[in-house]
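Coordinate inspection notes
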Amino acid sequence: MRFDAFKRFTDDNVIETSFAVYRDSVPVALDDMYDCFITGSDQVWNPVFRRGFFADFLTFAPDAKRVAYAASFGVSDIPREYVELYADGLKHIKHISVREDAGADIVRALTGRDCAVLIDPTLMLSAEKWLSIAKCSKTKPKGRYALLYFFGEAVQECENTVLQFAIKRWLDVVRMSDRRRDAARYTAGPDEFLDYVASAEVVFTDSFHGAVFSILFGRPFVIFDRKDKGPVMNARVDSLLSAFALESRRFDGMMDEERVFCANYSHVPAILEEKRRAAFDFLKKALNAGAVFDALGVCRLGDKCVGCGACAASCPQRCVSMECDDEGFLYPRADMSVCVRCGTCLKTCPVGASRDFEQYDRSPISVLACKSMDEELRRASSSGGVFGLLAEAVISLGGVVFGARFDESLCVNHAFAATAEGSRAFCGSKYVQSRTDAAYCEVIGFLNCHRPVLFSGTPCQTAGLKSFLGREYDWLFCVDFICHGVPSPKAWRRYLDFQESKSGSSAVYASFRDKRHGWKAYVTSIIFKDGSEYSETRDKDPYMRAFLSDLCLRPSCHACMFKMPRGNADITLADFWGVQDVLPEMDDDRGTSLVFVNSVKGGALFDMIKDRVASECVDAAKAIAHNPAAVSSATMKPEREMFFRELDSAPFDELSAKYCGSSRMARLRRKFAGLFPA
Ligand SMILES: Cc1cc2nc3c(=O)[nH]c(=O)nc-3n(C[C@H](O)[C@H](O)[C@H](O)COP(=O)(O)OP(=O)(O)OC[C@H]3O[C@@H](n4cnc5c(N)ncnc54)[C@H](O)[C@@H]3O)c2cc1C
Ligand code: SF4
Ligand code: SF4
Ligand code: SF4
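None of the values given here were measured: they were computed from a predicted structure.

Conventions adopted
- Residues numbered from 1 in each chain as written.
- Chains lettered and ligands numbered in written order.
- Predicted model: local features only at pLDDT ≥ 70, side-chain atom pairs only at ≥ 80, totals over all residues.
- Helix = DSSP H or I, 4+ residues; strand = E, 2+ residues; numbered from the N terminus.
- Rg over C-alpha atoms; globule rule 2.2 N^0.38 Å.
- Buried ≥ 20, exposed ≤ 12 C-beta atoms within 10 Å, placed from the backbone.
- Contact = placed C-beta atoms within 7 Å.
- Axes fitted to C-alpha atoms, helices over the stretch in contact; angles between N-to-C directions.
- Parallel < 35°, antiparallel > 145°, perpendicular 65-115°, else oblique.
- Pairing = 2+ DSSP bridges.
- Near = placed C-beta within 6 Å.
- Nonpolar A, V, L, I, M, F, W, Y, C, P; charged D, E, K, R; others polar.
- Domains from an automatic or database assignment.

Glancing now at the overall build of the protein. Scanning the protein from terminus to terminus reveals 27 helices and 21 strands. For 678 residues, the compact-globule estimate of 2.2 N^0.38 gives 26 Å, and the protein exceeds it by more than 25% at 34 Å. Counting only C-alpha atoms and orienting by the principal axes, one finds that the protein spans roughly 100 × 55 × 45 Å. Taking all 678 residues of the protein together, 43% fall into the buried category. Taking the contacts inside the protein whose residues are at least 6 apart along the sequence as the reference set, 70% of them involve residues at least 24 apart.

This brings us to the packing of helix H16 (residues 386-396) against helix H23 (residues 600-609). Relative orientation and spacing of two packed helices are given, respectively, by the angle between their axes and the distance between those axes. Here H16 crosses H23 at 95°, and the two axes come no closer than 9 Å. In terms of their interaxial angle, H16 and H23 are classed as roughly perpendicular. Between H16 and H23, the contacting residues are Leu389, Leu390 and Ala393 on the first element and Leu605, Met608 and Ile609 on the second.

Within the open sheet, the three strands sit side by side as E16-E17-E18. Their pairing is antiparallel. Looking at which strands have only one partner, the edges of the open sheet turn out to be strand E16 (507-514) and strand E18 (533-537). Across the sheet, the mean angle separating the axes of adjacent strands is 10° when strand polarity is ignored. Across five bridges, the pairing between strand E17 (residues 523-528) and E18 is antiparallel. Counted as the bridge partner of isoleucine 526 is tyrosine 534 from E18. On the sheet, helix H20 (residues 489-503) packs against E16, E17 and E18 and is oriented at approximately 120° with respect to E16.

Strand order in the open sheet made by the eight strands is E13-E12-E14-E15-E19-E20-E11-E21, with mixed pairing throughout. The sheet is open, and its two edges are formed by strand E13 (412-417) and strand E21 (613-617), each paired on a single side. Within the sheet, the average angular offset between the axes of one strand and its neighbour, ignoring direction, is 25°. Direction of pairing for strand E12 (residues 400-406) relative to E13: antiparallel, over a ladder of six bridges. Following the sheet pairing, phenylalanine 402 is matched in E13 by phenylalanine 416. Across the sheet, H23 is in contact with strand E15 (476-481), strand E19 (571-575), strand E20 (593-597) and E21; its angle to E20 comes to roughly 135°.

Within the element layout of this structure, lysine 142 appears in the loop between helix H5 (127-131) and strand E5 (145-149). Taking the C-alpha atoms as reference points, lysine 142 and glycine 210, separated by 68 residues in sequence, lie 21 Å from one another.

So, about the site of ligand 1. Around ligand 1, 33 residues are found, and the nearest of them are Ser381, Ser382, Gly403, Ser456 and His484. Those elements that provide at least two residues to the shell around ligand 1 are H16, E12 and E19. Its residues assigned to classes, the shell around ligand 1 shows 15 nonpolar, 16 polar and two charged.

When we look at burial in helix H8 (residues 190-199), the residues that qualify are Asp191, Glu192, Phe193, Leu194, Tyr196 and Val197. The secondary structure elements touched by the buried residues of H8 are helix H1 (2-13), H5, E5, strand E6 (172-175), strand E7 (202-205) and helix H9 (208-216).

Taken together, the neighbourhood of ligand 4 is formed by Val306, Thr458, Pro459, Cys460, Cys483, Gly485, Val486, Arg554, Ser556, Cys557, Cys560 and Phe562. Per-class residue counts for the shell around ligand 4 are eight nonpolar, three polar and one charged.

Moving on: the domain arrangement of the protein. Domain parsing of the protein yields domain 1 (19-118), domain 2 (127-272), domain 3 (291-355), domain 4 (368-483 + 570-621) and domain 5 (489-552 + 637-671). Between the C-alpha centres of domain 1 and domain 2 the distance comes to 29 Å. Each side of the interface is counted separately: domain 1 has ten residues, and domain 2 has six residues. Per-class residue counts for the side of domain 1 that touches domain 2 are four nonpolar, three polar and three charged.

Dropping the structure here:
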């Protein structure tokens, strides 16, 4: 009957495999079927009961897939005849944790490795969860009772103590594990055992799990030393009582009524929470769930990855590199032979599973339309030249400025400048995804030297930086912009190849926002080494047409997680499209910026330049009405896939013409979508 009760319980609550693993019958495809094999917990490495059974050390699995969770030896010493077997078994388990301090000593002695001491898995579930599968036994007393739950021979020794307290408190006595004296209760299943413990007035036990469930259900208990013929097995109880500071529950022959019945568990929830966190951290690491990368080192985020590079910058093993995919976008890749599954990359990733986006929510303190009074600076900038002024303000404080600039090959990457002149290279939008490379590490270097830093970039890059830093710095100012999306560096290169082969000379300078023909004309210009020049409006230039038709944006930009009100920059900049309607007096067609001051720090920075700009407050809703990219992502078009498929083979102008439709249609589409000036 007892067997039937256990079978019923496992049928209802345990998902079992259709096969068992024996030494001479290990399923052939076992390795392919599972990512990981876990051994544990209660007495799984007890040399007396298990005798070093091969499956307990997972010897059938590759080393990298072997995990021991809170494995228990149950004893403090390994008999000499098992030492070699145990040392070899332990040596091949990639992630080891044990349940008892004595177990950690054994692992250290046999392998030289330190390992975590974690709670028994039964403690990972809450009392409520356990009670949801508990069942009241038909033979349970109607009134109050003391529960005796013993495996060893201590019952007789404690019988007098138990009876003495039972009589004093008018309690029934339930002897759950006494087949002879209480046969009806002996046949109880695990679900009935849970209910017996949860409802007991007091539990007397020599069982580790008798104590565990008493703690979980907040029942007073007294634990006796187990008296067996075999080796002493009290190590697991010692660890349990000391972990929960409950040593007073051990029977010492002198327990008075007050001590037996008035157990104080008020400190237990906090300890339990901390221990559960440690257990989950171990499992996450062991199962590689804490890493951005899968077993082959490929980024698990797929299209969600924004390519910010924060994971690469934060990896303590320096085993993450940013590599180009077929479309020319950078994605992180880890060398898993060096990765230690510490989970830092996932914790740092601004779009990783553990990121709580609520923390980025912002509502601007003020929104302004601004034009720099420095006309030269405004000419070199995309809209009102506000960024350049902010850069000069931070530099005047002895700080450094980070931004995106073209290098000699016209590739776009992040760099820093400590002079106003140097920061000019960052002015003007580069419609290409920029590489952050060493920038995040350099930022922290300057901050640690107490130098003010202005970091400017896309919202996802500033989020990556903030995640990487992990805390606020008073002297860090972040500036981002309303971001339509970033085009592929490979598409930019193919476009430059096309322009260079057309002109017969290499390109040495590029501007996407040449204002010589007016701000709203939106002209792309290229200067070539031989002195020749190319200029074309956005409706005719093949690159800008591909960009504005959303053919070459990074996949993550089509489902951007950093649209307003999310973001974490102190100031957000944008082109004030629609200024001619909202504030016509501010429009001179030389560029007007929208400035969202998002934080007090941003306000202080803006105060430093307020005398160098012409500005007007604007209603936020009106300001972004002409700027759909503020709140919504560009739709991914079916033509995008074909565009990239043909990028390597077709000339760029033909590709653009093929997939962007006529320039007149493009102009009309944008006019009605309100995107950029029509
Ligand atoms: C890819 C991209 C998409 C944009 N989409 C929009 C949009 O949809 N709507 C809108 O209103 N504004 C958009 N902007 C911003 C806009 O073009 C101006 O940058 C903004 O109006 C600020 O202008 P400014 O004159 O004050 O400063 P600018 O001198 O134009 O500011 C340049 C700043 O942008 C940074 N920057 C330039 N290129 C990059 C890059 N590739 N990656 C990271 N940072 C870069 C520089 O570091 C510098 O801080 C976009 C900018 C970029 C780079
Ligand atoms: S070592 Fe840590 S941070 Fe680096 S890849 Fe592995 S899990 Fe990520
Ligand atoms: S940190 Fe940035 S680059 Fe790394 S996985 Fe996350 S989004 Fe991608
Ligand atoms: S659209 Fe979003 S994901 Fe794409 S670059 Fe801009 S902020 Fe990053």
